[in-house]
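Here is what each chain is made of, one letter per residue.
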Amino acid sequence: MIAHEPGIDVVIDLSDAVAVLGSFPALAGATLSVNRGEIVLLRGPNGAGKTTLLRLCAGLIPLERGHGQVLGIDLKNDRELVRHRVGVIGHNNGLYGDLTVSENVRFWGRTVGATRAEVDAALRRMGLDGRLADLPVSRLSAGQKRRTALAGLVARRAELWLLDEPHAGLDATGRDELDQVLKMAAAAGATVMVASHELERAAQLATRQVEVVAGQVREIGAP
Amino acid sequence: MDDAGFIFASYVITFGLVGAYALGVIRRARKSSREVPRDERPWL
Amino acid sequence: MNTSMSKHSPRDRVTGTPFTRGLGVVILAGITLLIILAIFVSPADVNQGESVRIMYAHVPGAWLAYLAFVVTGISSVAYLWKRTRSLTWDRIAGASAEVGVLFMGISLVTGSLWGRITWGTYWTWDARLTTTAFLFVTYIGYLAVRGLGGTHQQRARRSAVLALLAVLEIPLVHFSVQLWNTLHQEASVAGRGTDVEMDGLMLFTLFLGVVVFTLMYVWLVLHRQRSLALDDMLDDSGLDNALTARRAEAQGVAR
Amino acid sequence: MSNSVPGSAGVIATARLIAAKDLRVERRSRVLLNQVLPFALIVMVMFAFALDSDAVLERVAPGLVWLATLFSVLVMVSRSFAVETGDGALDQLRSAGVPATGIFIGKMLALMVQLMVLVALLVGAAVVLYRAHFSWAGGVLLVTTATAATCGLAAVGTLYGGLAAGAKGRETLLPLLLLPVVAPVLIGATRATESAFGTNGIAISEGWPWLGLLVVFAVLFSVAGAVAFGPLLDE
């Protein structure tokens, strides 16, 4: 294992990281290093700790033991500083069902002071302009909700995207669009980490694959 | 006298409840302590 | 509390130390003496009659309950203040609040028994009583929040903030209840019969009560604090075991 | 939690954003309008059944108005945070580094607006059902009282609602935490409203000192909430 300098290009740097759910060590000593612009696919069975790894990197749960830095910020002491630069979409989309698509995206954009033009651009990029934009989120399909949530990340200008099963519930077009967005985001300097069961699809997309097994991370190597 | 009953009752309740609480604390501590190594207890 | 004091086998040394053992013996002796003095030896009060005997347990209990909540507040500040974030402070705060709720519950019961004798009623909407009842419920809520789960630090920070909010709340509730109370003529009931003409032996008995309750408080908080520490360690060692198991599992998959 | 994370919107901007969002959610869903208001009104009617005397009702009308408000606050706070936790939006707010003080102020303001509407309707119900009546001077006192009281209730409600939001058994935890704290509001607002209504011949001038209590409560808990909300919300 190579020790990384906490430089600007290392976005995620975990070493022997432990994170718990209740008293269960969902992450049991994970070591992982991710560079800027990478699209990393997290593979592994259910319950291996993929979700916990994503939430840890988002600064949402504490680093119980070990070391970890995200975007050069120490997870142990300054976990909350990570948050506004990281976007995480988990099993929940974090949307307000009573509000429309555009209202939701504008809300999330404005939490970081995005302009109206930026919000509109985000909506367009996710194919959410036009008729869909004015529908309440509660009336959308699962895939449309996911796209709305991702549009929120675009509007929020997140530098690190942590996505938990983003392909789930999307139709074929939705998946292609999602892959496009992720590639564009990575090309624009964002770093993406995706946990997915859609191995073939995600493998085409990813620049690197790692396997999460029983709370630990193992490199698989470039595809 | 009625008052005597109230007076005895208040002492029984006071020390009875304190005793019961103390017993509960010790019992629970004993249960937890089986799993915790002796040398980890700073007060010993 | 008697169980851990009489026996001396090493198995008993769970939360006890020679100090608490000695303290326990003193407390038992103190309780015996207090009961003898309070119920049998000390004279009846000129105004209150026999009911004053309840006061020797009721008044120290109520005082110590307030002291316990003060300790909870101070420990909470101590936890939040230090960058070290020592969980010991958090556990002292929790143990003290628990003992405080116990003492306050007891003194609410003994107080209403005393009220039944003196005023002919178990409860009166007197300012002090009402505030005490609110305080009692507030700290029950505090204990409920302590039991919410999460990591130890999470629990500690949450409950420390809540304890400080309670400190903010107490004077407000007390002040408003007092204002409210002055509107009610029934308030005078509280004044009736509370004036105690204390002679020497009565004063000594009350003093003994305060000493006994203080020692009980110290004994209970020490033990409870240690048992909370044991619980925390148990969680940690559970994590250690689970970690080992999980690592072995990862090893197994790695073939 | 740090309140000035670089790159995120400021506290005031966040507060406005959150308050506008909460009010918009209510405008769309009408949960409070269609469920909480009828609940509060039915409570007022039930009081009338329980007390069963015009004279008594007239005497206790101010207290009943505020008691019904307190019950409704519990429901409204639950609703306010159910909106956030339903689809994990609270997690998103935290993961977006949105300043907790801004979230607190925003949700508190939205709650306050909704509470004002509720109190206005409950006072109207008291006038109709309990024969309460007030003069112009009493009306001024009433509006001031309602403003200070709802501000205090919204602050405490948001503070403890946020604490209970993620917890299991939050439905039972919230009343346990909230009700003892709001005793001063119940007392102060009831007395001030009694003067405004002229209940038992109490003069309007006697109501103003109680307002002081309500203002102190509102200020203290607004400040406490703004400071403590972050640490309470954070995991």
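Residues numbered from 1 in each chain as written. Chains lettered and ligands numbered in written order. Predicted model: local features only at pLDDT ≥ 70, side-chain atom pairs only at ≥ 80, totals over all residues. Heavy atoms only, no water.

Details of the overall build of chain C
To be explicit about the condition: Where helices and strands are cited, they refer to DSSP runs of H or I of at least four residues and of E of at least two residues respectively, numbered from the N terminus. Burial classes follow relative accessibility: with a 1.4 Å probe on protein chains only, a residue under 20% of its type's maximum area counts as buried, one over 50% as exposed, and anything between as partly exposed. Note on areas: Shrake-Rupley with a 1.4 Å probe; residue coverage comes only from the protein chains shown.
Scanning chain C from N- to C-terminus turns up eight helices and zero strands. Taken from the N to the C terminus, the helices and strands of chain C come in the order α-α-α-α-α-α-α-α. Per-residue burial for chain C yields a buried fraction of 53% across its 255 residues. Accessible surface computed for chain C: about 10,900 Å², of which carbon and sulfur atoms make up 67%.

A few points about the interface of chain C and chain A
The cut-off we apply is this: Here, two residues are considered to be in contact whenever any of their heavy atoms come within 4.5 Å of each other. The buried area of a pairing is the accessible area, by a 1.4 Å probe, that goes missing from both parts when the two are put together, added over both. Pairs of N or O atoms within 3.5 Å make up the polar contacts considered here, provided that, within protein, one atom can donate a hydrogen while the other can accept it, and that residues adjacent in sequence are counted only when both atoms are side-chain atoms. For this classification, the nonpolar set comprises Ala, Val, Leu, Ile, Met, Phe, Trp, Tyr, Cys and Pro, the charged set comprises Asp, Glu, Lys and Arg, and every other residue, Gly included, is treated as polar.
Taken together, the contacts link 12 residues of chain C with 21 residues of chain A. Of the roughly 1,300 Å² buried between chain C and chain A, counting both surfaces, carbon and sulfur atoms make up 59%. In this assembly, chain C and chain A are joined by zero residue pairs in polar contact (both at pLDDT 80 or more). Its residues placed into classes, the side of chain C that touches chain A shows six nonpolar, one polar and five charged.

A closer look at the arrangement of the chains
Out of four pairs of chains that touch, the pair holding the most contacts is chains B and C. At the level of C-alpha atoms, the two units chain A and chain B stay apart, their nearest approach being 15 Å. Between chain B and chain D there is no contact, and the shortest C-alpha to C-alpha distance separating them is 23 Å.

Examining the confidence of the model for chain C
All names here are of chain C. Note the following rule: How sure the predictor is of each residue is captured by pLDDT, a score from 0 to 100.
Of all residues in chain C, 87% attain a pLDDT of 70 or more, and the chain-wide mean is 84. Of all secondary-structure elements in chain C, the lowest mean pLDDT belongs to helix H1 (residues 3-6), at 40, while helix H4 (residues 87-118) reaches the highest, 93. In the predicted structure, residues 1-10 sits below a pLDDT of 50 and forms 23 contacts with residues beyond four places in sequence or in another chain. At the level of chain-chain contacts, confidence expressed as ipTM amounts to 0.82, with global pTM at 0.86.

Here we look at the interface of chain C and chain B
Basically, it comes down to this: One side-chain nitrogen of Lys or Arg within 4 Å of one carboxyl oxygen of Asp or Glu is enough to make a salt bridge.
Contacts between the two partners involve 48 residues from chain C and, on the opposite side, 32 residues from chain B. Surface buried jointly by chain C and chain B totals about 3,600 Å² across both partners, of which 75% is contributed by carbon and sulfur atoms. The largest share of the area that chain C buries against chain B comes from Val14(C), Leu230(C) and Met233(C), three residues that together contribute 15% of it. Here chain C is connected to chain B by one salt bridge. At the junction of chain C and chain B, the tally comes to three residue pairs in polar contact (both at pLDDT 80 or more). Broken down by secondary-structure element, the contributors of at least two residues to the side of chain C that touches chain B are H1, helix H2 (18-41), helix H3 (52-81), H4 and helix H8 (200-253) of chain C. The residue inventory of the side of chain C that touches chain B, partitioned by class, reads 28 nonpolar, 10 polar and 10 charged.

Re the sheet that holds strand E2 (residues 24-35) of chain A
All names here are of chain A. Stated formally: Paired strands are those between which DSSP finds at least two bridges. For helices, the axis comes from a line fit to the C-alpha atoms of the stretch in contact; other axes are also lines fit to C-alpha atoms, and the angle between any two N-to-C directions lies between 0 and 180 degrees.
Spatial ordering of the open sheet is given by E2-E1-E4-E5, a layout of four strands whose pairing is antiparallel. Of all the strands in the sheet, the pair left with one neighbour each is E2 and strand E5 (73-74). Packing against the sheet, helix H1 (residues 50-57) makes contact with strand E1 (10-21), E2 and strand E4 (65-70), and its axis sits at approximately 120 degrees to E1.

Focus: the packing of helix H6 (residues 136-165) of chain D against helix H8 (residues 183-197) of chain D
Residues and elements named next belong to chain D. Just so we agree on the cut-off: Note on angle classes: values under 35 degrees are labelled roughly parallel, values over 145 roughly antiparallel, values of 65 to 115 roughly perpendicular, and the remainder oblique.
Running from N to C, H6 and H8 cross one another at 170 degrees; their axes reach a closest spacing of 9 Å. Considering their axes alone, H6 and H8 lie roughly antiparallel with respect to each other. Of the residues in H8, those in contact with Gly138, Leu141, Leu142, Thr145, Ala149 and Leu153 of H6 are Val185, Ala189, Ala192, Thr193, Ser195, Ala196 and Phe197. Each residue belonging to the contact of H6 with H8 can be placed in one class, and the counts come to nine nonpolar, four polar and no charged.

Digging into the nonpolar core
Most often, soluble globular proteins have nonpolar side chains that are buried together. Convention followed: For the purposes of this section, nonpolar cores are sets of buried Ala, Val, Leu, Ile, Met, Phe, Trp, Tyr and Cys residues that join through side-chain atoms within 4.5 Å.
Core analysis: the biggest nonpolar cluster contains 187 residues, and Trp161(A), Leu163(A), Phe103(C), Met216(C), Leu220(C), Leu93(D) and Tyr160(D) have the highest contact counts within it. Looking at this core element by element, the count peaks at 15 residues for H6(D). One finds Val11(A), Ala30(A), Leu32(A) and Ala48(A) within the second-largest nonpolar core, a separate group that totals 34 residues.

Section: empty space enclosed by the protein
Residue and element names in this part refer to chain D. Put simply, the test is: Buriedness of a pocket was judged along seven lines, with at least five required to meet protein on both sides within 12 Å; pockets are open sets of points on a 1 Å grid over the protein atoms alone, cavities are sets where a 1.4 Å probe fits but cannot get out, and lining residues have an atom within 4 Å of a point. Grid points are joined across faces, edges and corners, and a volume is the space filled by probe spheres set on the points.
Enumeration over the complete set of coordinates arrives at four cavities of 30 Å³ or more. If you add up the space inside the largest cavity, you get close to 120 Å³. If you trace the largest cavity, you find 13 residues lining it, with Asp22, Arg79, Ser80, Val83 and Gln114 closest to the centre. Only helix H1 (11-29), helix H3 (54-85) and helix H5 (100-130) provide two or more residues apiece to the lining of the largest cavity. Split into classes, the residues belonging to the lining of the largest cavity amount to six nonpolar, three polar and four charged.

Topic: the environment of Arg146(A)
Residues and elements named next belong to chain A. The topology assignment puts Arg146 in helix H5 (residues 142-156). Placed 24 residues apart in sequence, Arg146 and Leu170 show a C-alpha to C-alpha distance of 7.9 Å. From its side chain, Arg146 meets the backbone oxygen of Glu165 in a polar contact 2.8 Å long.

Section: the pattern of salt bridges
Residues and elements named next belong to chain C. Taken as a whole, this structure holds 20 salt bridges over all chains when the rule is applied. The closest approach of N and O atoms between Arg146 and Asp90, which form a salt bridge, is 3.1 Å. In this pair, Arg146 sits in helix H5 (residues 127-146) while Asp90 sits in helix H4, placing the two residues 56 residues apart along the sequence. Across this residue pair, the class does not change: Arg146 and Asp90 are buried. Sharing partners across several salt bridges, the network here consists of Asp90, Arg91, Arg146, Arg155 and Asp232.

Comments concerning H6(D)
As a reminder of what qualifies: The span one expects for a helix is its residue count, reduced by one, times 1.5 Å.
Over its 30 residues, H6(D) extends 41 Å from the first C-alpha to the last, a length consistent with the 44 Å expected when each residue adds 1.5 Å. Judged by how many residues are buried, H6(D) sits mostly within the fold: 24 of 30 residues are covered.

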